[in-house]
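Understanding the architecture of this molecule
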Amino acid sequence: MNFKINDHLTWVGKTDWELRSFHGEEYSTHRGSSYNAYLIRDRKNALIDTVRQPFAAEFIENLSQAIDLNRIDYIVANHAEVDHSGALPELMKLIPDTPIYCTANGIKSLKGHYHQDWNFVPVKTGDRLSLGERELIFVEARMLHWPDSMFAYLTGDNILFSNDAFGQHYASEYRYNDQVDRAELYQEAIKYYANILTPFSKLVEQKINEVIGLGLPVSMICPSHGIIWREDPLQIVRQYLKWAQDYQEDQVTIIYDTMWNSTRKMAEAIGEGIKSVRPESAVKLFNSARSDKNDIITEVFKSKALLVGSPTVNRGILSSIAGILEEIRGLGFKGKKGAAFGSVGWSGESVEIINGKLAEAGFELLNDGLKVTWNPDESALKECHAFGERVGKSL
Ligand code: FEO
């Protein structure tokens, strides 16, 4: 359903209430998502982005209600990933000569996806496209989060179309940040940053400072997913700057997996030990085999320290721990501390393996880790508690 943002700007996207995973099965979307596309009407008319392919027919039908498709003068593809470009093939069948403005990398990516030689117009930072009363100014946003990503800024209305940046996988009956539950909105925004943008934090900081340096007033930020930032739109920019600077809260996260509950008992005793010396700190435990990995990553993002526990199996670690540690390695967290623990029976390699993976992921190891043999008895649980106390005091 289209909705008017103002007299000359209309949201023509798709709210996807059903979506429960994104990037295949890599990113959980508990609250669905939206694919935001925007139609600007001036003496020339411009469409910014499209929607995912399964919604192409619906998108074109809705867009046709907003404008005669032949009156779309320009298409702006801020990002070629298929959640924003998926309806282009169907649209371009109807208006095949319409120029598509995107970065040089955007052309490569769109050609790679759709194998079409559409009327591409490459743009760079600072390039302008006059629509009549207003202009679009393009700002390349390389690696936020793909090499082709860019922002478009609409003069006159002072609106930044930021594509994935500042977005959230959040389906809502509302459209603006001042209308929705702020806690839900921020939960989805931080999850998005933690799981997708963490590896590019240095670039996030540089890009934001570059955009601020342009001195363009911003009255609204229209991302390509989720809610539009209308009330104090720069709040999310300020928040991104905080998140980009090796963000941490007063939190310790403990991730473990367990076969017969021994490592779980260790995790709980260690958590209690940390809490006993840091009563104000958040101490959160997750069984990685039973928890959503993206939610865990969000908690790791917020943490100053991460403790990871696994028993030893086949001279290795349990697969859910191996999986989450691989995610953590890829995200390249900075400035966090780590420690390992696990119950061991026979050979007992798990703690050394976890230490190695934490170090490889850039965590500063607090100690050599803690092993307990078999099922921890009272004295072993005291040892776990004391281990937690030492970890807590060292943060
Ligand atoms: Fe929303 Fe990178 O696509």
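**Side note on the overall build of the chain**
Assigned secondary structure in the chain consists of 12 helices and 24 strands. When each of the 395 residues of the chain is scored for burial, the buried share is 58%. Taking all contacts inside the chain whose residues are at least 6 apart in sequence as the whole, residues at least 24 apart take part in 72%. Taken as a whole, the chain presents about 16400 Å² of accessible surface, with 49% of it coming from carbon and sulfur. Distance between charge centres in the chain, computed from 43 positive and 53 negative side chains, equals 2 Å.

**Points about the layout of surface pockets**
Estimates place the volume of the largest pocket at around 300 Å³. Looking at the largest pocket, it is lined by 18 residues, and the ones nearest its centre are Met259, Ser343, Val344, Gly345 and Trp374. Its residues placed into classes, the lining of the largest pocket shows 7 nonpolar, 10 polar and 1 charged.

**Describing the sheet that holds strand 16 (residues 220-223)**
In spatial order, the strands read 12-13-14-15-16; together these 5 strands make up an open sheet with mixed pairing. Looking along the sheet, the strands with just one partner apiece sit at the ends: strand 12 (128-130) and strand 16. If you compare each strand with its neighbour and ignore which way they point, the axes differ by 20° on average. Bridge count between strand 13 (residues 135-140) and strand 14 (residues 150-154): 5 bridges; the pairing is antiparallel. Bridging from a neighbouring strand, isoleucine 137 pairs with tyrosine 153 of strand 14. Where helix 6 (residues 201-213) meets the sheet, its contacts fall on strand 13 and strand 14, and the angle it forms with strand 13 comes to roughly 150°.

**So, the domain arrangement of the chain**
Annotation of the chain at the domain level lists domain 1 (3-243) and domain 2 (252-393). For domain 1 and domain 2, the distance between their C-alpha centroids amounts to 39 Å. For the pair domain 1 and domain 2, the two sides together bury roughly 1100 Å², of which 52% comes from carbon and sulfur. Applying the counting criterion to the domain 1 and domain 2 interface returns 2 salt bridges. The partner of lysine 191 in a salt bridge is aspartate 295, and the shortest N-O contact between them spans 3.3 Å. On inspection of domain 1 and its partner domain 2, the count reaches 8 residue pairs in polar contact (both at pLDDT 80 or more). At the level of secondary structure, the elements contributing two or more residues to the side of domain 1 that touches domain 2 comprise strand 5 (27-28) and helix 5 (182-197). Broken down by element, the side of domain 1 that touches domain 2 gets its largest block of residues, 6 residues, from helix 5.

**Section: the sheet that holds strand 9 (residues 74-76)**
The strand order 1-2-7-8-9-10-11 describes an open sheet built from 7 strands, whose pairing is mixed. In the strand order of this sheet, the two ends are held by strand 1 (3-6) and strand 11 (120-122), each with one partner. With direction set aside, neighbouring strand axes in the sheet form an average angle of 25°. Examined bridge by bridge, strand 1 and strand 2 (residues 9-11) share 3 bridges and lie antiparallel to one another. Residue pairing for strand 2: phenylalanine 3 is matched across the bridge by tryptophan 11.

**Description of the nonpolar core**
Phe59, Leu63, Phe166, Tyr240 and Ile328 are the most contacted members of the largest nonpolar core, which has 87 residues in total. It is helix 5 that contributes the most residues to this core, 8 residues altogether. Mapped onto the domain boundaries, this core takes at least three residues apiece from domain 1 (3-243) and domain 2 (252-393). Setting aside residues up to four positions removed in sequence, phenylalanine 59 forms contacts with Val12, Ala37, Leu47, Asp49, Thr50, Val51, Ala87 and Leu91. With 25 residues, the next largest nonpolar core counts Ile5, Ile48, Phe138 and Cys222 among its residues.

Rules of the game
- Residues numbered from 1 in each chain as written.
- Predicted model: local features only at pLDDT ≥ 70, side-chain atom pairs only at ≥ 80, totals over all residues.
- Heavy atoms only, no water.
- Helix = DSSP H or I, 4+ residues; strand = E, 2+ residues; numbered from the N terminus.
- Buried < 20%, exposed > 50% of the residue type's maximum accessible area, 1.4 Å probe, protein only.
- Contact = heavy atoms within 4.5 Å.
- Areas by Shrake-Rupley, 256 points an atom, 1.4 Å probe, with all protein chains shown as cover.
- Lys, Arg positive; Asp, Glu negative; His and termini not counted.
- Charge placed at Lys NZ, Arg CZ, Asp CG, Glu CD.
- 1 Å grid on protein atoms, 1.4 Å probe; cavity = no way out; pocket = protein on both sides within 12 Å on 5 of 7 lines; lining within 4 Å.
- Points joined across faces, edges and corners; volume = space filled by probe spheres on them.
- Nonpolar A, V, L, I, M, F, W, Y, C, P; charged D, E, K, R; others polar.
- Pairing = 2+ DSSP bridges.
- Axes fitted to C-alpha atoms, helices over the stretch in contact; angles between N-to-C directions.
- Domains from an automatic or database assignment.
- Buried area = accessible area lost by both parts, 1.4 Å probe.
- Salt bridge = Lys/Arg side-chain N within 4 Å of Asp/Glu carboxyl O.
- Polar contact = N/O pair within 3.5 Å; in protein donor to acceptor, adjacent residues only side chain to side chain.
- Core = buried A, V, L, I, M, F, W, Y, C linked by side-chain atoms within 4.5 Å.

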